[in-house]
Amino acid sequence: LDFPFEQQLFSSMGFRSPTSPTSPGCSPRQYQTFLNAQESSATLVLAHAKIGDSGAQEVAEFASRSAHLRLLDLTGCDITSNGLLHIAQAVRCSLSLESLVLRHNEITSGPAGEEGLAALCQAAASSASLRHLDLRYCGLQGEAQSAH
C-alpha cells in the first residue's frame, strides 16, 4: 500500500503486513483474526489489500461459512487462477453471497490457468444467491472475455 492511512488502517484491523501473506515474516492464516471479527458483516471489502492466493483461500473459507456476507470485493488483490479455485468453492457453498468483485486480478495466470475461471463460471451459474460478478480488467481475452 502506498498510503500511510491505508497502512495504519490495515494494521489496526489485524493485518501484519499490507503486502502478500507469503512475504518474509508473515505467518500463514494471518487474516483469520480480521475475518473472524467480520462474522456478522454483510460487506467485506479488501480492495488492493494484496492478499494473494493464500489470502484468497482464507477469505473463501470465511465466505463459505458466513451466513451474512452479501458483497465481497477483492479488487486488485493479486489473485491468480489458484486463488480463484478457492473463491469458486466459496461461491458454490455460500447461500448469502450476492455480489463478487474481482477486478484487476490476473485470474487466468498461475498454475491452474483457465481451470480457475471455468470453476468460477460453473459455481456462478449454479449459485442460488450470486447476482453480480465483476471480472473487468482481469486479463480475459478471446472467448473468455466475451463469455463474461
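Keep in mind the model is a prediction, meaning the values are calculated, not measured.

## Concerning the confidence of the model for the protein chain
Here is step 1: On average, residues of the protein chain score 84 in pLDDT, and 76% of them are at 70 or above.
Here is step 2: Within the model, the stretch residues 1-7 combines pLDDT values under 50 with 6 contacts to residues more than four positions away or in other chains.
Here is step 3: Considering only residues more than four positions removed or in separate chains, one finds that residues 15-26, a stretch of pLDDT under 50, has 29 contacts.

## Concerning unusual backbone geometry
Here is step 1: Here the phi dihedral of K50 falls at roughly 55 degrees; this positive angle occurs in a residue that is not glycine.
Here is step 2: Along the chain, the position of K50 falls in the loop between β1 (43-45) and α3 (52-65).
Here is step 3: When its relative accessible area of 30% is taken as the criterion, K50 is described as partly exposed.
Here is step 4: Residues other than glycine seldom take positive phi values, yet H104 does so here, at roughly 60 degrees.

## Observations concerning the nonpolar core
Here is step 1: Among the nonpolar cores identified, the biggest contains 35 residues, and L44, L46, L72 and L74 are the most heavily contacted of them.
Here is step 2: Those elements that provide at least two residues to this core are α2 (32-37), α3, α4 (81-93) and α5 (115-126).
Here is step 3: When residues no more than four places from it in sequence are discounted, the contact partners of L72 are L44, V59, A63, L97, S99, L100 and V101.

## Digging into the side chain of Q32
Here is step 1: Relative to the assigned elements, Q32 resides in helix α2.
Here is step 2: Judged by relative accessible area, Q32 falls into the buried class, the value being 19%.
Here is step 3: Q32 has contacts with E58 and R65, leaving out every residue within four places of it along the chain.

## Let's talk about the sheet that holds β1
Here is step 1: Spatially, β1-β2-β3-β4 is the arrangement adopted by the 4 strands of the open sheet, whose pairing is parallel. One side of each edge strand has no neighbouring strand; the edge strands of this open sheet are β1 and β4 (132-134). Adjacent strand axes in the sheet meet at a mean angle of 0 degrees when their direction is disregarded.

How each quantity is defined
Residues numbered from 1 in each chain as written. Predicted model: local features only at pLDDT ≥ 70, side-chain atom pairs only at ≥ 80, totals over all residues. Heavy atoms only, no water. pLDDT = per-residue confidence, 0-100. Contact = heavy atoms within 4.5 Å. Helix = DSSP H or I, 4+ residues; strand = E, 2+ residues; numbered from the N terminus. Buried < 20%, exposed > 50% of the residue type's maximum accessible area, 1.4 Å probe, protein only. Core = buried A, V, L, I, M, F, W, Y, C linked by side-chain atoms within 4.5 Å. Pairing = 2+ DSSP bridges. Axes fitted to C-alpha atoms, helices over the stretch in contact; angles between N-to-C directions.

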